[in-house]
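Structural overview for review
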Amino acid sequence: GAGVSQSPRYKVAKRGQDVALRCDPISGHVSLFWYQQALGQGPEFLTYFQNEAQLDKSGLPSDRFFAERPEGSVSTLKIQRTQQEDSAVYLCASSSTLAAAGNIQYFGAGTRLSVL
Amino acid sequence: QKEVEQDPGPLSVPEGAIVSLNCTYSNSAFQYFMWYRQYSRKGPELLMYTYSSGNKEDGRFTAQVDKSSKYISLFIRDSQPSDSATYLCAMTSTDKLIFGTGTRLQVFP
C-alpha cells in the first residue's frame, strides 16, 4: 500500500501568514508523529497522536503551533503568524503499534516551508 | 550538550570502501536504536533497528550498540555510489525519536 503522504510538498509563506500542513498516514496506523527538520540538522520531535488523542505535545516550539487529528487518521499541523525561524522541513511519521516504546516509525517526504 | 552527538561530515569515500558511522549519547534510558538513510529532498528511511546492546547484520550493513559506552555504529561494506545520502542515528526509550544531526556520505566511483 501507499506510504505516508504529505501535502503540500513545498509551501512559501509571507511572514505573518497562517499555514496548514497535511499528513495522510499509512492506512491502519494508529500512531502519528510530527517532526521539524532544520537545514543541516536531524529531525526534532514536535508532537504525537495515538488515534485522535494528542498524547505528547512537548516539542511544539510555541503556542503558534497547533496539531490535530480529529478522526484518528489524517492530521494537520497549523502554524499561525509564521516567522522566518519557522522555515524548515516538517516531517510526518506513522506507526502501527499501540505500544509507544520502540515503535518503528515510517516517514513521509516532508513539507518544505519557507517563510519570507 | 545534545542528547545525541553525531559527526556531520561530510564523509567522502571511494566505491568499495568500508564506511563507519558513529553516534554517542548521554541518556542511559535509551533502549531502541535505529539508523535511517535520507536522500536529498526525501524523508528518512529506516535501515537498521536494534534493541539494547549487540550487533545486527543485514546484507552490507552492520549495526552495533554498546550501551556501556553509550556508543552506536553503522558499518557499510562494499560501499556503492547509491549509498550516497545522509545517515541519521535515532534512539528512544518512549515514543519520540531523538535524532543525531546526520552524517553526509558521498561514495565516488
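On to the pairing of strand β6 (residues 53-56) of chain A, then. Residue and element names in this part refer to chain A. As defined by bridge partners, strand β5 (residues 44-50) adjoins β6 across three bridges and the pair is classed as antiparallel. Note that in β6 the partner of Q50 across the bridge is A53. Where β5 folds back on β6, the antiparallel hairpin that results is connected by two residues, among which N51 adopts a positive phi of roughly 55°.

What follows concerns the environment of A:P43. For A:P43, the position within the fold is in the loop between β4 (31-37) and β5. Taking the C-alpha atoms as reference, A:P43 lies 21 Å from A:R69; in sequence the two are 26 residues apart. Beyond its immediate stretch of four places on either side in the chain, A:P43 contacts A:Y35, A:Q36, A:Q37, A:L91, B:P44, B:L88 and B:F99.

Let's shift gears to the sheet that holds strand β3 (residues 19-24) of chain A. In a beta sheet, neighbouring strands are held together by backbone hydrogen bonds and run either parallel or antiparallel to one another. Residues and elements named next belong to chain A. Read from one edge of the open sheet, four strands run β1-β3-β8-β7, paired in antiparallel fashion. Two strands bound the open sheet, and with one partner strand each, they are β1 (5-7) and β7 (65-68). Going across the sheet, the axis of each strand differs from the next one's by a mean of 15°, ignoring polarity. In this structure, β3 lies alongside strand β8 (residues 75-79), joined through five bridges in antiparallel fashion. Within β8, the residue paired with L21 across the bridge is L77.

Attention shifts here to the nonpolar core. The biggest cluster of nonpolar side chains holds 25 residues, and the ones touching the most others in it are B:V4, B:W35, B:I72, B:L74, B:I76, B:Y87 and B:M91. Among the secondary structure elements, those contributing two or more residues to this core are β3 (19-25), β4 (32-38), β5 (45-51), β7 (61-66), β8 (71-76), β9 (85-92) and β11 (103-108) of chain B. Counting residues in each nonpolar core, the second largest holds 19 residues, with A:W34, A:A67, A:A88 and A:C92 among its members.

Conventions we followed
Residues numbered from 1 in each chain as written. Chains lettered and ligands numbered in written order. Predicted model: local features only at pLDDT ≥ 70, side-chain atom pairs only at ≥ 80, totals over all residues. Heavy atoms only, no water. Pairing = 2+ DSSP bridges. Helix = DSSP H or I, 4+ residues; strand = E, 2+ residues; numbered from the N terminus. Contact = heavy atoms within 4.5 Å. Axes fitted to C-alpha atoms, helices over the stretch in contact; angles between N-to-C directions. Core = buried A, V, L, I, M, F, W, Y, C linked by side-chain atoms within 4.5 Å. Buried < 20%, exposed > 50% of the residue type's maximum accessible area, 1.4 Å probe, protein only.

Shape is all these values report; function is a separate question.
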